[in-house]
Amino acid sequence: MREHYREELEDINTCLVEMANSVGSAMSKATTALLDADVALADLVIAGDEHVDAVRESIEERCFTLLARQQPVATDLRTITTAMRIVADLERMGDLAVHVAKLARMRFPESAVPAEVRPIFLEAGHVAQSLVTKTGAVIAELDVRAATELESDDDLMDALHRQLFTELLSPGWPHGMESAIDITLLGRYYERFADHAVSVARRVVYLVTGEREMTAISN
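The chain is annotated in an unreviewed UniProt entry as Phosphate-specific transport system accessory protein PhoU from Geodermatophilus saharensis. What UniProt records for the chain under Subunit (unreviewed entry) is the sentence "Homodimer." Regarding the chain, the relevant UniProt record gives this comment under Subcellular location (unreviewed entry): "Cytoplasm".

Here we take up helix H4 (residues 118-141). An α-helical turn contains 3.6 residues, so a residue and the one three or four places further along point in the same direction. For H4, spanning 24 residues, the distance from its first C-alpha to its last is 35 Å, which sits close to the expected 34 Å at 1.5 Å a residue. Within H4, burial applies to Ile120, Phe121, Ala124, Gly125, Val127, Ala128, Leu131, Val132, Thr135, Gly136, Val138 and Ile139. Among the residues trailing H4, Leu142 stands out with phi positive, at a value near 50°.

If you check UniProt for "domain: PhoU" (unreviewed entry), the listed places come out as residues 16-103 and 123-204 in our numbering. Across residues 16-103 one finds 94% helix and 0% strand; the C-alpha atoms that close the span lie 27 Å apart. Helix makes up 89% of residues 123-204 and strand makes up 0%, while its end C-alpha atoms are separated by 27 Å.

Viewed as axis vectors pointing N to C, helix H3 (residues 74-107) and helix H6 (residues 176-209) meet at an angle of 165°, and their least axial separation amounts to 9 Å. Put simply, H3 runs roughly antiparallel to H6. Regarding H3 and H6, the two cross each other, and that crossing is left-handed. Within the contact of H3 with H6, the residues separate by chemical class into 17 nonpolar, six polar and nine charged.

If a probe as big as a water molecule is rolled over the atoms, it shows which places are left empty. Summed over the entire model, instances satisfying the criterion amount to one cavity of 30 Å³ or more. The computed volume of the largest cavity comes to approximately 50 Å³. Together, Ile120, Phe121, Ala124, Met157, Leu160, His161, Leu164, Leu186, Gly187, Tyr190 and Glu191 line the largest cavity. Elements that contribute at least two residues to the lining of the largest cavity include exactly H4, helix H5 (144-168) and H6.

Along the chain, Ser179 falls in helix H6. For Ser179, a relative accessible area of 13% corresponds to the buried category. Contacts of Ser179, omitting those with residues within four sequence positions, involve Pro114 and Trp173.

Right, let's talk about the layout of surface pockets for a bit. Looking at the largest pocket, its volume works out to about 310 Å³. Lining the largest pocket are 19 residues; nearest its centre among them are Leu9, Asn13, Thr79, Leu142 and Leu207. Of all elements in the fold, only helix H1 (2-36), H3, H4 and H6 reach the threshold of two or more residues within the lining of the largest pocket. The residue makeup of the lining of the largest pocket, split by class, is 13 nonpolar, four polar and two charged.

Together, Met177, Ile181 and Leu185 give the surface a local cluster of nonpolar side chains, amounting to about 300 Å² of exposed area. Among the structural elements, Ile181 can be located in helix H6.

Scoring rules and cut-offs
Residues numbered from 1 in each chain as written. Predicted model: local features only at pLDDT ≥ 70, side-chain atom pairs only at ≥ 80, totals over all residues. Heavy atoms only, no water. UniProt positions renumbered as here; feature names shortened; annotations may be inferred. Helix = DSSP H or I, 4+ residues; strand = E, 2+ residues; numbered from the N terminus. Expected span 1.5 Å × (residues − 1). Buried < 20%, exposed > 50% of the residue type's maximum accessible area, 1.4 Å probe, protein only. Axes fitted to C-alpha atoms, helices over the stretch in contact; angles between N-to-C directions. Parallel < 35°, antiparallel > 145°, perpendicular 65-115°, else oblique. Left-handed = near helix turned anticlockwise from the far one by under 90°. Nonpolar A, V, L, I, M, F, W, Y, C, P; charged D, E, K, R; others polar. 1 Å grid on protein atoms, 1.4 Å probe; cavity = no way out; pocket = protein on both sides within 12 Å on 5 of 7 lines; lining within 4 Å. Points joined across faces, edges and corners; volume = space filled by probe spheres on them. Contact = heavy atoms within 4.5 Å. Patch = residues over 30% accessible without salt bridge, like charges linked within 9 Å, V, L, I, M, F, W, Y side chains within 5 Å. Areas by Shrake-Rupley, 256 points an atom, 1.4 Å probe, with all protein chains shown as cover. Salt bridge = Lys/Arg side-chain N within 4 Å of Asp/Glu carboxyl O.

Laid out in structure tokens, this is it:
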């Protein structure tokens, strides 16, 4: 019975890693759809969100079942409750990828991204992919050191967000209010995606150490 319990916990962790990979792929595809005005790819991201939602529901149900049947304490209790919080962050990351895809679809056949800010969103997509790849590794390996590094990676996304506002607030912005609103929303979607990745990392640190704050680990 105990062996089955441990296997269930390990499998839930594996599902979390797979979910992280799924939302990372969704944001990567959404970024391509956004930059290339690829409506078919945008539709693929939107449709795929049902799977992400289903995975969240499955993991939550399994966690509730373990809580009810095993009445875990100490580390095991922390493992299960942390998994439930992580899955909520990952599901929200998937939603944000869908928001990007929906905006790309709404502006089709035009691109929602003017040439002036295209490099910023291209880089934001790369940063988002790097963050979620590291997030998956942090979950898989319960790697506290890698978790702390995500904070500095998130700073890159924040810097890109500030660059967007520099462009939007420049006197020569030629694309009007509607485009400015699109860009503001898109910037927020990428920023929040990164924030949720950091949230996952913080939850892993709490799981491993019992501490709620991440501190840098020296080499």
